Amino acid sequence: MFRDLLATADIVLENFTPRVLRGWGLHYEDLRKIRPSLIMLSNTGYGATGPWSSFPSQGTTLEATMGISAYSGYRGDRPSKVGQSYPDFIACWTGLAALFAALHALRATGQGQWIDLSMYQVGAALVPEALLQYQLDGTQPRRIGNEHERFVPSNVYPARGDDRWVALTVETDAQWAALCGAMGRPDLARDFADGGVRAAHRGPVDAAVAAWLREQDPFEAMRRVQALGIACGPVMNSRDLLLDPHLAHRGFHERVLHPQPVGWRPMLGRPYRWSLRTPRVHRRGPLYAEHNREILRELPGYTEARIEQLVAARVVCDAPNIVKPPESMGIAQLLALHAVCEVDADYREKLGIAG
Amino acid sequence: MSVAGGPEAAAGVAAPGALAGVRVLDLSTGIAGPFAARLIGDFGASVVKAEPPGGDPARQLAPLAAGAPPGEASLFFQYLNWNKRGIVLDVSDPAAHAQLRRLVERSDILVESFAPGQLARWGIPATVLMRWNPRLVVTSVTDFGQTGPYADHRGSDLVHQAMSGIMQISGSADRPPLKHGLNQAGLCAGLNAAYASLAALHCALADGVGEHVDLSIHEALASELLMCETYYTYMGAVQSRRLPVQDPFAGGPVPTRDGFISIQSGGPSPLEGYADVFSNEAFRSPRYTSSAQRTANVAEFRALVEACARDRSAKELFLEGSRRRMLMGMVQGAPELLACEQLQARGFFERIDHPATGAHLFPVHMARLSATPARVRLRSPQLGEHQAEVAQEVRELPPRPVPGRTRRSRACRWKACACSTCRRWWPCPTWRPCSATSARTWSRSSRPCGWTRRGGACSPPTWTAMRERARSTVPASTCC
């Protein structure tokens, strides 16, 4: 049935451990015989070949192995994971670029190909500064929290509100002078006029900026500091992003309709607008087995009787074979673990999806 | 020139790139735009990097090779700009616009990163560039996009990470929010800009109409909030930084003799396997293998793991555990990556030489394409290095095809779409532009272009039709 489905497919995406498809005779070398124009993308932790190709991997373990954790962390502290599933996103974007390149080649030659995407390699390619610095002089960038090796001040500072922070980066001496003007601190403009001097006195510089920002609303601070031509913005949480006026203007979140009782939910779309065409979410994610019959009916030779036979033989499943109880935690447990920190009872009203 | 070390090079055959024949004009500076243009070049496109007279400011980015001439010392610049030829073009000067137009007319993709409104102030907004070349894809990479309340805001790697939501959920609850190290914002935006440009090119080549891709670095990072966001959209719950996690099987770094390992529960093999990895039968106890019991005994368990790992080598533990199909990682930095046997076997690094700095190992191969592998064909250019070569090429190369927009002489073979809603001009099904002479001369092609005529209207080719066409006769010429 997979081979029959293949006749209708331009692209196959999979992320099995490399030996699995080989064992089933469904590796690219097998499939290209049926369909020479096929583009197949295999996403694995370490790649389809090499001594580590069968090693299990997952976002957090990969983030350490690929190099990014070594350069992320509080000053003087351990290597740190940052974000959620970072390796998956960078692999997704790299894979998309490779897919469109392969589609272009297909258009020119009529031939498909196999894309062997290694998440490890994608990640290791995003720490070039460290790889090159090490070759130059045997040193590596240190973990310095949110600071910058050269630009001072560049940090996050507590602002008004519970767990609210503002980030700013001063890149030039002129920007520092402007910031000192806003802070009403001509003495700092004088004493730390030069970037090199500021870099040697991070403590007092950061302390002065922190004192100025402490009682300011983070978004107000952003506007005041941006008006000086300095990069500045609040540390935003997911609620901030969903309600942000700039992202609303950009149409970053799209409304997608799900079956009741879920209904409309905002979902993040894509980080670009096109002027003439509109890439968008035009179909929500499918429910389990939602389109079994609809898809099979499109295949030649798949009559209703044949489809029902496949369902009866559990080649095609309308319900999962193995039912694992979901391990989701309720809100109370999430709050106790500090996995979430606040809950808005009126979130539907805030998001405009109430009723 | 590059001295490649990968298996593709060892094969001895320089396979054409996937994007052979595609031309990119890179007006961008910094990290994101140039990285996107380089990635497109890695797939085989011909990229011209047009820098302002002072050079791309990224020429000053660390790490800098000692003793190299100023402006040519940055190895990071080399990483972002290989596979490009370099010219100097001051697009702020109207006198340069004639040459810019000639370049634009001969390009398929243009990447730029000027502040929103800047190109318009110079009289060359994207709409004008697309009038010069209606099939052009213009990709604008900016901090917050071309329009909106933050469009005139300035970004930095830190500010982007802060405003993306990533920092809110990173680090420890008892400490400040934490950013990713080095320069992830620009590189992530570059990955997005590369694929979005190629997607738009795909459309442009299908129907002859270009596109303006308006990409925001801020939104590229905010896209990483995919899972975190659902806590709010489905439960109204805001995520923040965790309390320091005690369970050593939650992936946090566990110190070893010479580094750190990362252990995650939920792998393919049962956790009892750690008894063999650590040579300690205590790991078979349900006190530690059951998630609930482990939580209850977490301090004791952590002490056990740390005691077992303290005198072992991180890599030895990683290899031992991974071979037993335990889910493990190890913290690696530059020295470990450069010496990694897996990366060697994959041909990941290439030694790239440069007259100003000598040769260094660069991370090159991110994805491996079986038929059209990525290659580093050119090292990064010195400022203005290919001025004469590109100028000559522009004199010799015909422009990209331009569909006619008004009634023309019998030589024009483009027709208005006969459907009542589409007011655009489409290439006629039976005629194709002849690239051997000029864009204004058309010839009857012996090979149908894949357009279909149905009910008096021209319809663009479907994927099926494109495939049939590609299979049927000779490969498409590369200059149309």
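Residues numbered from 1 in each chain as written. Chains lettered and ligands numbered in written order. Predicted model: local features only at pLDDT ≥ 70, side-chain atom pairs only at ≥ 80, totals over all residues.

1. Structural notes on the overall build of chain A
Put simply, the rule reads: Secondary structure elements follow DSSP: runs of H or I of four or more residues count as helices, runs of E of two or more count as strands, with numbering from the N terminus. Values of the radius of gyration come from C-alpha atoms, whereas the globule rule sets the reference at 2.2 Å times the count of residues to the power 0.38. Contacts here follow a simple rule: the backbone-placed C-beta atoms of the two residues must lie within 7 Å.
Within chain A one finds 18 helices and 10 strands. The C-alpha atoms of chain A give a radius of gyration of 26 Å, which is well past the 20 Å a tight globule of 355 residues would have. Restricting the contact set of chain A to residue pairs at least 6 apart, pairs at least 24 apart contribute 58%.

2. Comments concerning the interface of chain B and chain A
The test is simple: Charged means Asp, Glu, Lys or Arg here, nonpolar means Ala, Val, Leu, Ile, Met, Phe, Trp, Tyr, Cys or Pro, and polar covers whatever is left, Gly included. Pairing between strands requires that DSSP locate at least two bridges from one strand to the other.
On the side of chain A, 126 residues touch chain B, which itself brings 128 residues to the contact. Top contributing element to the side of chain B that touches chain A by residue count: helix α8 (residues 184–207) of chain B, with 13 residues. In terms of residue class, the side of chain B that touches chain A is made up of 77 nonpolar, 36 polar and 15 charged. Strand direction decides the pairing type here: strand β9 (residues 272–274) of chain A and strand β7 (residues 211–216) of chain B, joined by 3 bridges, are antiparallel. Pairing of Trp274 of chain A across the sheet is with Val213 of chain B, part of β7 of chain B.

3. Quick look at helix α8 (residues 173–183) of chain A
All names here are of chain A. The cut-off we apply is this: To assign burial, the other C-beta atoms lying within 10 Å of each residue's own C-beta are counted, with C-beta atoms placed from the backbone; 20 or more indicates buried, 12 or fewer indicates exposed, and intermediate counts indicate partly exposed. Our arc is simply the arc of the directions from the helix axis toward the C-beta atoms.
Of all the residues in α8, the buried ones are Gln175, Trp176, Leu179 and Cys180. Within α8, the buried residues cover an arc of 140 degrees as seen down the axis, which keeps them to one side. Residues of α8 that are exposed and angled more than 90 degrees away from the buried face: Ala174 and Gly181. Where α8 is buried, its residues contact α9 (186–191) and α10 (195–200). A positive phi of about 70 degrees marks Gly184, the residue just after α8.

4. Brief notes about the domain arrangement of chain B
Using the following cut-off: What counts as a domain boundary in this text is fixed by an automatic or database domain assignment.
Parsing chain B into structural domains produces domain 1 (2–223 + 343–393), domain 2 (260–330) and domain 3 (414–472). Put simply, the middle of domain 1 of chain B and the middle of domain 2 of chain B, counted by C-alpha atoms, are 43 Å apart.

5. As for the sheet that holds strand β11 (residues 328–330) of chain B
Residue and element names in this part refer to chain B. Condition: All axes are obtained by fitting lines to C-alpha atoms, using only the stretch in contact for helices, and the reported angles, taken between N-to-C directions, cover 0 to 180 degrees.
The strand order β9-β10-β11 describes an open sheet built from 3 strands, whose pairing is antiparallel. Lying at the two open borders of the sheet, with one neighbouring strand each, are β9 (250–255) and β11. Along the sheet, successive strands turn relative to each other by an average axial angle of 25 degrees, direction set aside. Where strand β10 (residues 260–264) lies against β11, 3 bridges are found, and the strand directions are antiparallel. Bridge pairing in β11 places Ile261 opposite Met330. In the packing of helix α15 (residues 314–323) onto the sheet, the strands contacted are β10 and β11, and the crossing angle to β11 comes to about 160 degrees.

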